[in-house]
Structures are given as C-alpha cells and as structure tokens.
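Structure at a glance
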Amino acid sequence: MSTTAQAPKPVPNEAPYAPIKAKQRLGDRVFSGTALGAGIIILIVLVLVAAFLFIQSIPAFQLDTSDNHILQGESFWVYVGPLVFGTLWASFIALMIAAPIAIGIALFISHYAHRRLAALLGYIIDLLAAVPSVVFGLWGGLVLAPLLQPIYAWLNTNASWVPFFGGQVSSTGKTILTAALVLSVMCIPIMTAICREIFLQTPKLHEEAALALGSTRWEMVRMAVLPFARGGMVSAAMLALGRALGETMAVTMVLSPSAVVSFLVLTATNPTPIPANIALAFPEAHGTGVNTLIATGLILFIVTFAVNALARWIVARRAEFSGAN
C-alpha cells in the first residue's frame, strides 16, 4: 500500500507581532522628566560657566599689557605658568600623601575592623568632610606649621641630599609641604568613603574562594579586593585631586604668594596655586587685572577638566580587568 505525501496546508498570513507597551504612570513620567531636566541643567550651567570665563578672559590675552597692573608688562603665559605649576605640584604632593592613607583606612574599615569599630571610624572619617576649609587653614597655619618646623629643620640638615629637602629651610614652617599636608587631610574623607564602598562591593564568592585556597587575609585582599576595586580607587583619587586643585582658603592661610617654579618643599619661597592667588589678588584687582584673574580661573577650569578626562580614560581602560563589570 503506497502512501503519498500530502502538501502542507498554506498558513494564512498572520498579522506582525505588535510589542506590548507598558502603561506609563504619572509618577514615572515625572521622575523621568525630572532626571532628564537635571542632566540638561548641569550641561547648561557648565556651558555658561565656560562661556563666561572665556569672554571675560579675552582682555588678558592682549599683547599690550602695559595698563595691566597685575601682569605689569609681561605676557599672560609668563604670569600664569608658575601658578599652574604650583597648583599641580601642591595637589600632586597632597594626593601622594592622602591616597595610601585613605586606601589603608578603607581596607581596615571594610575587612579588618570589628563591625562596631568600623561604624564608629566611618562616622568619624565622614565628619572630617563637614569641617570648613577655613578651619583647616587655621589649623595648618597656627598649629601644624610651628609643629613641623623642627622636623623640617632636621630634614634639611640630615637629608639635604634629597633634592626636595634642600635650600634655606623656612623659619615659620609655612611651606608648600605644609599646605599639601593640609590638602591631604581634606582629601582623605572623600577618598576613604568611596574606596570603602567599593571594597564592600567585592563579591563574597571571590573572597571566600581565595581564603579556601589557603590565602591569608592580606593575600585575599591583594588578589580579590584590590583588582576588583582598581577602577573605583582611580575614580576616588581623581575626585580627591579635584578637591585639592580647587581649594582656596586652606592654602591661602598657609602660603605666601610668590610666582616661582621650585620643587623645594621646605623653603619659605613657595609656588602659589591658582585658587590661592585669585583669593589674595582679587580684593585689589581692577580693570584688566580682574580679567587676568578670571583668565587664570579659565586655565584652572581647563586643567580640572583635563584631569577628569584623564581619570575617565584610565577607568575605562582598566574596566575590562576589573570585576566591577
């Protein structure tokens, strides 16, 4: 008995699948619009600030500076060069001091300290961020500088072979190193808080696997926690560096203004950062001198933007090696 294959019956054309759209509630629309508006406002403010700085800075870039009482006939770039160096140098020293301390505190709070002690230390560290910068400046100029002056004299006498410790030591202790120490104390709360949260987000399975293989707690931290938090630590360091770059009052109350380029950290003649120079010179500025100070603010804006762009590049480059993804 032979059977013949039957042709399949034609299927009528079906209507294309229409995706189901979720009904948007009023609260969702309000929240979405508010978030979008907040993001747009930030961009608008950033553009307006940049436009204001650029427009007001144009007179400072003129070739004829004979009537500018701040430039005193010299070029703007000759004037701003030592200020840029002072800003970067003081911030770099502060970051080198603050980063190891902040990472160590964050590791102790997240992986070593008892829960109650960790909560207490975290609360105390967070309180430092609420202290006004003028208080840090008073502490640095009236307490820290006289306290460190004998140490500076000892370093100058016994370790002058280190290039940074040479020169004539300051008799008051108000040096670029003192200013950097004050800035580092101001940077520690920000960096500690961010690093602590990043360390606590390390997957527990990674930590338990390292401990199960016989690792000590430090080896577990080195192999599981630090690689996971690498991008977050860079972000925290750059955020703290941004605080150091823009700090005004604390540095103003510690340093005396001087337009020099020097790597010596114990002398009385110190490079001045841009924010401190603006705060010291603005009360007596007039005419094109005001535009000159605004132009230095534009340079600081560009430097800060470049630092943040560099940080984003580093984080994006290291993200593939981090467990954060």
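Everything discussed here concerns the structure shown above.
Residues numbered from 1 in each chain as written. Predicted model: local features only at pLDDT ≥ 70, side-chain atom pairs only at ≥ 80, totals over all residues. Heavy atoms only, no water.

Quick word on a nonpolar patch on the surface
Note the threshold: Patch membership needs two things, relative accessible area over 30% and no salt bridge, and members are linked within 9 Å if like-charged or within 5 Å if nonpolar (Val, Leu, Ile, Met, Phe, Trp, Tyr). Throughout, the Shrake-Rupley method with a 1.4 Å probe supplies accessible areas, and for residues the shown protein chains are the sole cover considered. Salt bridges are counted wherever a side-chain nitrogen of Lys or Arg sits within 4 Å of a carboxyl oxygen of Asp or Glu. Under the scheme used here, helices are H or I runs from DSSP no shorter than 4 residues and strands are E runs no shorter than 2 residues, and both carry numbers assigned from the N terminus.
The grouping of Phe108, Tyr112, Leu117, Leu120, Tyr123, Ile124, Leu127 and Trp218 at the surface amounts to a nonpolar patch, some 800 Å² of accessible area in total. Those elements that place two or more of their residues in the nonpolar patch are helix H2 (76-112) and helix H3 (115-128). When residues of the nonpolar patch are assigned to their parent elements, the largest contribution, five residues, is made by H3.

Some thoughts on the side chain of Ser57
Condition: Contacts were defined at the residue level, with two residues in contact if any of their heavy atoms lie within 4.5 Å.
Note that Ser57 resides in helix H1 (residues 26-57). Sequence-distant contacts of Ser57, that is, excluding residues within four places in its chain, are made with Asn291, Ile294, Ala295 and Leu298.

A word on the packing of H2 against helix H10 (residues 274-281)
Here is the rule we go by: Axis lines are fitted to C-alpha atoms, over the contacting stretch for helices. Their N-to-C directions set the angle, which ranges from 0 to 180 degrees. An angle below 35 degrees is read as roughly parallel, one above 145 as roughly antiparallel, one from 65 to 115 as roughly perpendicular, and any other as oblique. Residue polarity follows a fixed list, in which Ala, Val, Leu, Ile, Met, Phe, Trp, Tyr, Cys and Pro are nonpolar, Asp, Glu, Lys and Arg are charged, and the others, Gly among them, are polar.
One can describe the packing of H2 onto H10 by two numbers: an axis separation of 8 Å at closest approach and a directional angle of 125 degrees. Taken together, H2 and H10 sit at an angle that is classed as oblique. Mapping the contact onto sequence places Tyr79, Leu83, Val84 and Thr87 in H2 and Ile274, Pro275 and Asn277 in H10. Across the contact of H2 with H10, the residue classes tally to five nonpolar, two polar and no charged.

Comments concerning helix H4 (residues 133-158)
Short version of the rule: Two axes enter the bend calculation: one fitted to the seven residues ending at the residue in question, the other to the seven starting there, and the bend is the angle between them. To sort residues, take the accessible area from a 1.4 Å probe on protein chains only and compare it with the maximum for the residue type: under 20% means buried, over 50% means exposed, and anything in between is partly exposed.
At Leu144, H4 shows its largest bend, some 45 degrees, and a proline, Pro146, comes one to four positions later. Along H4, the positions that sit buried rather than exposed are Phe136, Gly137, Gly140, Gly141, Leu144, Ala145, Leu148, Gln149, Tyr152, Leu155 and Asn156. On its buried face, H4 sits against H3, helix H5 (176-200) and helix H9 (249-252).

Some thoughts on the packing of H2 against H3
So the rule is basically this: For any pair of crossing helices, the crossing counts as left-handed if the nearer helix is rotated counterclockwise from the farther one by less than a right angle, and right-handed if it is rotated clockwise.
Taken N-terminus to C-terminus, the directions of H2 and H3 make an angle of 145 degrees; their axes are 8 Å apart at the nearest point. In this structure, H2 meets H3 at a crossing whose hand is left-handed. Taken together, the residues of H3 that come into contact with H2 (itself represented by Ile105, Phe108 and Ile109) are Leu117, Ala118, Leu121, Gly122 and Ile125. Looking at the contact of H2 with H3 residue by residue, the classes come out as seven nonpolar, one polar and no charged.

These figures come from the coordinates and say nothing about function on their own.
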